[in-house]
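The chain contents come next:
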Amino acid sequence: MQISFETIISAIAIITSIVSLLYTIYSNNRRELISALMNNLNALAQIEAKIGENPDLLELHGITATQLEEINISSKELAYLLSSFTAGSIYFRTVGIKSTRPFSKESYRYKMLKSSKTRAAWKIIRENFMEPSAYRDSIDATIAIIEKEEREEV
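All figures in this text were calculated on a predicted structure; none of them were measured in a lab.

A short note on the pattern of salt bridges
Then comes step 1: Counted under the stated rule, the structure contains seven salt bridges.
Then comes step 2: For E77, the salt bridge is made with K117, and the minimal N-O distance between the two is 3.1 Å. Of this pair, E77 sits in helix α3 (residues 75-95) while K117 sits in helix α5 (residues 116-129), and the two are 40 residues apart along the sequence.
Then comes step 3: Taking the relative accessible area as the measure of exposure, K117 reaches 30% and is therefore partly exposed.

Listed below in structure tokens is the structure:
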């Protein structure tokens, strides 16, 4: 039995159509998931911003005014840093970054983390607001490098 050229072309067309359909379904599901994640994280960022307006909200996260005083940071500064770190987390999740490498020395995040005040605030933010993620690990790795460099300078 010999298969005709037309039969082969038809089979290839059917297979291509099925693959295209499956890819379309996958792409739509992925887009919907990313959209839902973005909406949720954006809402979370707006809620977190209210901490700057009402410092008493920090107590709902187990953070006391004494803890902030100990690291010499205001609730508004903590709210700003929380918003900044949350925005970074949203970016990592949306783009799908899985790397836990430290941020480069030229990066915005590295420069921000050079501040000992930011690093002290990160400890509170990390413990009370950030879920385990590649983003959180990248920040921790960056802080480890900065603090090692600072110890070597002494």
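After presenting the structure, the write-up continues.
Re α3
Owing to its 3.6 residues per turn, the α-helix brings residues three or four apart onto one side.
Then comes step 1: Between its terminal C-alpha atoms α3 stretches 30 Å, which fits the 30 Å expected from 21 residues at 1.5 Å a residue.
Then comes step 2: Inspection of α3 places S75, L78, A79, L81, L82, S84, F85, T86, G88, S89, I90 and F92 among the buried residues, and these make up the whole buried set.
Then comes step 3: Against the buried residues of α3 lie α1 (5-53), α2 (65-70), α4 (108-113), α5 and α6 (134-153).
Then comes step 4: Just beyond α3, the residue with positive phi is G96, at close to 85°.

A word on unusual backbone geometry
Then comes step 1: Positive phi, normally seen in glycine, also occurs at N72, with a value near 60°.
Then comes step 2: With respect to the secondary-structure elements, N72 resides in the loop between α2 and α3.
Then comes step 3: Residue N72 is classed as exposed on the basis of its relative accessible area of 57%.

Overview of the environment of L33
Then comes step 1: Inspection of the secondary structure assignment puts L33 in helix α1.
Then comes step 2: Sequence separation of L33 and T94 is 61 residues, and the distance between their C-alpha atoms is 9.7 Å.

As for a nonpolar patch on the surface
Then comes step 1: Together, I3, F5, I8, I9 and I12 make up an exposed nonpolar region whose accessible area comes to about 510 Å².
Then comes step 2: With respect to the element layout, I8 can be found in helix α1.
Then comes step 3: Residue class for I8 comes out partly exposed when judged on its relative accessible area of 42%.

Some details on the nonpolar core
Then comes step 1: Ranked by size, the top nonpolar core spans 26 residues in total, and within it L78, F85, I125 and I139 carry the most contacts.
Then comes step 2: Among the elements of the structure, α3, α4, α5 and α6 are those that each provide at least two residues to this core.
Then comes step 3: When neighbours within four sequence positions are excluded, L78 is seen to be in contact with L58, I63, L68, I73, A121, I124 and I125.

Regarding the environment of Y135
Then comes step 1: Assignment of secondary structure puts Y135 in helix α6.
Then comes step 2: Counting along the chain gives 33 residues from Y135 to P102, while the straight-line C-alpha distance between them is 9.4 Å.
Then comes step 3: Contacts of Y135, omitting those with residues within four sequence positions, involve S84, F85, G88, S89, F92, F103 and R109.
Then comes step 4: Here the side chain of Y135 touches R109 through a polar contact of 3.3 Å, side chain to side chain.

Basis of the calculations
- Just so you know, the residues in each chain are numbered from 1, in the order the chain's sequence is written.
- Given that this is a predicted model, residues contribute local features only at a pLDDT of at least 70 and side-chain atom pairs are listed and counted only at 80 or more, while totals for whole chains, interfaces and linings are drawn from all residues.
- The side-chain quantities take in all heavy atoms of the structure and omit both hydrogens and water.
- A pairing counts as a salt bridge when a side-chain nitrogen of Lys or Arg comes within 4 Å of a carboxyl oxygen of Asp or Glu.
- For helices the rule is a DSSP run of H or I covering at least 4 residues; for strands it is a run of E covering at least 2, with both sets numbered from the N terminus onward.
- Any residue under 20% of the maximum accessible area for its type is buried, any over 50% is exposed, and the rest in between are partly exposed; the area is computed with a 1.4 Å probe on protein chains only.
- Expected span of a helix, by definition, is 1.5 Å for each gap between consecutive residues, and there is one gap fewer than residues.
- Two residues form a contact once any of their heavy atoms are found within 4.5 Å.
- Without a salt bridge and with relative accessible area above 30%, a residue can belong to a patch; like charges are then joined within 9 Å and nonpolar side chains (Val, Leu, Ile, Met, Phe, Trp, Tyr) within 5 Å.
- Accessible surface area values rest on a Shrake-Rupley calculation with a 1.4 Å probe, where residue burial reflects the displayed protein chains alone.
- Residues belong to a common nonpolar core when they are buried Ala, Val, Leu, Ile, Met, Phe, Trp, Tyr or Cys residues joined through side-chain atoms within 4.5 Å.
- N or O atoms within 3.5 Å of each other form a polar contact, as long as, within protein, one can give a hydrogen and the other can take it, and as long as residues adjacent in sequence are counted only when both atoms are side-chain atoms.

What is shown is where atoms sit, not what they do.
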